[in-house]
Amino acid sequence: MILKRNTILFYFILPLLMATGGSSYADSNASSKLASKGDKQFIKSHFQKALQFYQQAILQDSTNAYAYFQTGAIYYLSDSSRIKSLPYFLNTIKHAGKGADDTIIDAYYYIGNCYTLTKNYPAAINAFNKYLSHVDQHSSVNATLLEEVKHDVQICNSAPTIINRNSDSAGYLLDGKMHPVYVKNIGGIVNSPYPEYAQVLLNHDSTIIFTSRRPASQKGKKDFMTDQYYEDIFVSHKDSGRWTPPTPFADQLHFSSGEINLASVTITSDGKTLYIYHKGRTLQSHMEGGKWTKPVPMAKNLGRIKHYVPSVFVSSDGKKMFLVSDREGGYGGKDIYLSQKDSSGKWAIPQNLGPEINTPFDEDSPYLLPDNKTLFFSSTGHSGLGGYDIFKTVYENGKWSTPVNLGAPINSSGDDIYLSYDTVAKEGYFSSSRVNTGYGDMDIYTFSFVCDDIKSTTLQGIVASNGKNISGGTLSLTDTKSGKTITAQTDASGKFSVTLMPQRTYSAVLTMTGFVPFNTTITTPHQCDIYNLYQYITPNYTDSANIHVGQALVVKNAFYRGKKNNGYKNANNDAGLLAYIKSFNDTATVWEKDTTVNITYTADQRNAINPKPVATDTTKMVTSAKVPSKPIVHFEFNKYMLEPQYTPMLDSIVAVMKTNSKYKIQLEGNTDTIGSANYNQRLSLMRAKAVERYLISKGISANRIHLVGNGKRHLALPTDGANALNRRDDIIIIE
């Protein structure tokens, strides 16, 4: 039903290459013999077998340009693998000998089409122009091909303008409002690695009838010319929001399995007349008594278009029928025709819609809205992004308006065709062979102006201060809607990962050793597709007169995809954040929005964070610049193990003590208020002993160290006895 663009050209070009290629390209006799075996399979359309021989030929001789070309040709013939053909065609050019332009020039043509598929339009134009420079511009034999290639160049020149349109323009063209359009593959139950297209929705979109070329089609029979399975019709039903596994539909239309090319076309708005395609023409079946009748030809006048009618569409009022045909007398390729029903109920002879709609290339899949004037159709002839694109035109004042390309995300660089749209539900379907988003070849997609949130999303975060990652931090996130709290801890690299709900607000508390807990709010975005959210957290102290008087937290929430304005920043401009995102092999453009939290310390907090003064008459605090500015060691809850992160500070104290033999040190162990007084007294003393053991191991005499176990009597934060900052050793150097 779909005629693949450029496919037919191979059957004119490849025989010429095969007649001369084996001897002119091959540098290795073994490679040449393998390529010849591949040719025999290629002629029989046994493409997978041929592919194996050509690839073996390349392994034997990595300069065999002919084997590269044939391998590229096989990949090119498949929508699902077409992009794989590009490096093979490039190698064809690279390894062809001098004077071989006449036989490899076709590779430039396919290179251009591959670059178009990847939206590398400048490279595509360059390849097309190289092809044109080697083709006789005055040969009538080349006229059709030259016209197509020049049109391809025009497409490549105009495509960037369409791509750079406002991202909400597709929504405006569909609905009259500037808003996003969300496109979604309907899933791997209906779609497969084989082509699926020409979907027909009925029973309030709870049943889908579609065409596919899969192993279950027509008893597994294949088309000799394309090595594809013949078309067949399948049906799937929606059960609890999910499609059921598709089953063959042919028997419901009174066809026996094994019929050649049976395809779905459309259904009338009342759901009572189904149109199908079979043997070059469109037939109609009626629903009677809950069953479909045997399909019969359309009305006599409609039958005057006898040559190849792959698509029809009947207006919602039943008075207009659009037909597609490549009959003689049109504007070239497939054209769209219109027949109108007269007062007696007869269909008039179909009339061509004219040059406003039809071009020298292909137009297909017409779809008229219930307003009886807005027509959507697909075309390869109007300015697009490559392949078939979907266009909109409106019939006003006796003529059709200039067709407008719907643009992304509806259209892509692949084939986009068979659009249908429910103006009440504000959702629709179409078929597309877009690159890297489907299950293989052409798939069926749905679109709407709202998207369903995914069930969960992953927040990948990192905590770093002054270029150093912070381990042992705890992030507690409380869902403000459900009250559920989720906790994550930073690992040795300062990283954490937590699963959250999309479009939710979380109350967040970040606790880290040496800092007062930070409180902030995190809101996850509405998320249609699965992708990571990234968070880059940087805590720092606010200093005055060489002491910490407060702290600040910057949270970079890299949660957003698609261009943003008004306070959003492109993560590409933040080296640290970008490196973190790329560590997950995420190549998308991510946007961030920062949150800043500032805390000014109370007097108690300043005393807890900064060095503790000595309150005695006989001693005084050492103020040497060599003494660490933060002689405090913190401990995990109910623990007295010394963490490795404190050893650099303690080593500095050891150095000071060894340089100044008169200095002594007082270690005051402390706990939080959780637990009994006696238990905390013992725990605080164990914490002091942990630091003492380390200092002694480094050569400090035990008689220079004085231990004090304060228990829970000396809190760093008197107003928050359970706070982690209370679990500490205060280190006081005296003389």
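Residues numbered from 1 in each chain as written. Predicted model: local features only at pLDDT ≥ 70, side-chain atom pairs only at ≥ 80, totals over all residues. Heavy atoms only, no water.

**Focus: the pairing of strand 24 (residues 457-465)**
And then number 1: Where burial is concerned, most of strand 24 is hidden: eight out of the nine residues are buried.
And then number 2: As paired elements, strand 24 and strand 28 (residues 495-500) share six bridges and run antiparallel to each other. Residue pairing across strands places glutamine 460 opposite serine 497, the latter belonging to strand 28.
And then number 3: For strand 24 and strand 31 (residues 533-544), the ladder comprises five bridges, and the chain directions are parallel. Across the sheet, residue glycine 461 finds its bridge partner in strand 31, namely glutamine 535.
And then number 4: Alignment of strand 24 against strand 25 (residues 468-469), held across two bridges, turns out to be antiparallel. Counterpart to alanine 464 in the pairing with strand 25 is asparagine 469. (Buried < 20%, exposed > 50% of the residue type's maximum accessible area, 1.4 Å probe, protein only. Helix = DSSP H or I, 4+ residues; strand = E, 2+ residues; numbered from the N terminus. Pairing = 2+ DSSP bridges.)

**Looking at the nonpolar core**
And then number 1: Counting 32 residues, the largest nonpolar core has Leu477 and Phe518 as the members making the most contacts within it.
And then number 2: Among the secondary structure elements, those contributing two or more residues to this core are strand 24, strand 26 (474-479), strand 28, strand 29 (505-511), strand 30 (518-523), strand 31, strand 32 (547-561) and strand 34 (590-600).
And then number 3: Looking at this core element by element, the count peaks at four residues for strand 32.
And then number 4: If near-sequence neighbours (up to four positions away) are discounted, phenylalanine 518 is found in contact with Ala508, Val509, Leu510, Met512, Pro539, Gln551, Ala552, Leu553, Val597 and Ile599. (Core = buried A, V, L, I, M, F, W, Y, C linked by side-chain atoms within 4.5 Å. Contact = heavy atoms within 4.5 Å.)

**As for the pattern of salt bridges**
And then number 1: All told, the structure shown has 13 salt bridges when counted by the stated rule.
And then number 2: Arginine 434 is the salt-bridge partner of aspartate 416, the closest N and O atoms lying 2.9 Å from each other. Of this pair, aspartate 416 sits in strand 21 (residues 416-422) while arginine 434 sits in the loop between strand 22 (427-432) and strand 23 (443-448), and the two are 18 residues apart along the sequence.
And then number 3: With relative accessibility at 13%, the residue arginine 434 sits in the buried group.
And then number 4: Among the ionic pairs, arginine 728 bridges to aspartate 730, the shortest N-O distance being 3.2 Å. The burial state of arginine 728 is the same as that of aspartate 730; both residues are buried. (Salt bridge = Lys/Arg side-chain N within 4 Å of Asp/Glu carboxyl O.)

**Let's talk about helix 7 (residues 121-133)**
Helical geometry note: an α-helix holds 3.6 residues per turn, so side chains three or four residues apart project in the same direction.
And then number 1: Between its first and last C-alpha, helix 7 extends 18 Å over 13 residues, near the 18 Å set by a 1.5 Å rise per residue.
And then number 2: The set of residues buried in helix 7 consists of Tyr121, Ala124, Ile125, Ala127, Phe128, Tyr131 and Leu132. Here the buried residues of helix 7 occupy an arc of 165° about the axis, which is enough to place them on one side. What points out from helix 7, more than 90 degrees from its buried face, is the exposed set Pro122 and Ser133. (Expected span 1.5 Å × (residues − 1). Arc of directions from axis to C-beta.)

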